[in-house]
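# Inside the fold
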Amino acid sequence: MPGPEADLTLLTAAARKAGEIALGFWQASPEVWDKPDGQGPVTEADLAVDAMLRDMLLSARPGHGWLSEESPDDTARLDRRDLFIVDPIDGTRAFIAGEADFSHALAIAREGRITAAVVYLPARDLLFAATDTESATCNGVAIRPSDRIDPDGAHVLAPKGAFTADRWPGGVPDVTRAFRSSIAYRLCLVAEGRFDAVLTFRPSWEWDIAAGSLIAAQAGATVSDAEGAPLRFNRPDPRTPGVFAAPPGLHRAMMARRQP
């Protein structure tokens, strides 16, 4: 069985190949469709990247299961010990708009835990990576989160509505809020300390958060769902009740504000 380093080598090669494909469509008016049930847009680039990743990754690890935003879900994955969790293009709206903050998010889960992960932003040539046995890196350099503890004054990546009074019985933190389209990239920005925390209460698909959650955790952040519970992957319904990542002291302090 290949170890985490071999898995990371595979994911890195696949992510860079995905970037080559995506950049061929980026800022070139790719064809766009709306997915059913309000699930957002998908482009021909998403589908091309998904097809390549599925072929490359499953050819290398034929015993693994597969979970991707752009592939029909096959419940056979639930019987696999190892699973690829992939978002071919995370931040599709940014991609369509010609913005640089889209990413390819690739992860391997083993028995519900992420063991290797890559988040690659090809338009910025930023490659974030981690295994569950090594520290997180960006372009090969070790990264770490901020040392912030006080919620008031924190710089937080969060959608509108995350800081309403009903969600914070202990007092709404006085934060500076920002946003990026790719949640995988948001988790990496916290991992390298450029923002103090990332928080969303919206249900989060596993493919959006799997790779970034390991990178943030291995950098030194505490990562949980929005209620503070540990993340688990390869569940029948591949969604979590939000996601929250922050330096350990800030995570504790903000979770305390969630209590009356």
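That block above? That's the structure.
Since this is a predicted model, take the numbers as computed values, not measurements.

### A closer look at the sheet that holds strand β3 (residues 65-68)
Pairing in this open sheet of 7 strands is mixed, and the strands run β3-β4-β5-β6-β7-β8-β9 from one edge to the other. Two strands lie at the open edges of the sheet, namely β3 and β9 (141-142), each paired on one side alone. Looking at chain direction, strand β5 (residues 103-110) and strand β6 (residues 113-121) are connected through 7 bridges and run antiparallel. Residue pairing in the sheet places Ile-108 in a bridge with Ala-116 of β6. Relative to strand β4 (residues 82-90), helix α2 (residues 44-60) is tilted by about 155 degrees, and along the sheet it contacts β3, β4 and β5.

### Some points on the packing of aromatic side chains
Scanning the entire structure with this criterion turns up 7 aromatic pairs. For the ring pair Phe-95 and Phe-102, a centre distance of 4.9 Å and an interplane angle of 85 degrees mean the geometry is edge-to-face. In this structure Phe-102 comes out as buried when scored by relative accessible area, which is 0%. When the ring of Trp-205 is compared with that of Trp-207, the centres are 4.8 Å apart and the planes differ by 5 degrees; the resulting orientation is stacked. Judged by relative accessible area, which is 28%, Trp-205 ranks as partly exposed. For Trp-207, a relative accessible area of 9% translates into the label buried.

Conventions adopted
Residues numbered from 1 in each chain as written. Predicted model: local features only at pLDDT ≥ 70, side-chain atom pairs only at ≥ 80, totals over all residues. Heavy atoms only, no water. Pairing = 2+ DSSP bridges. Helix = DSSP H or I, 4+ residues; strand = E, 2+ residues; numbered from the N terminus. Contact = heavy atoms within 4.5 Å. Axes fitted to C-alpha atoms, helices over the stretch in contact; angles between N-to-C directions. Phe/Tyr/Trp six-rings, centres within 6.5 Å; stacked < 30°, edge-to-face > 60°. Buried < 20%, exposed > 50% of the residue type's maximum accessible area, 1.4 Å probe, protein only.

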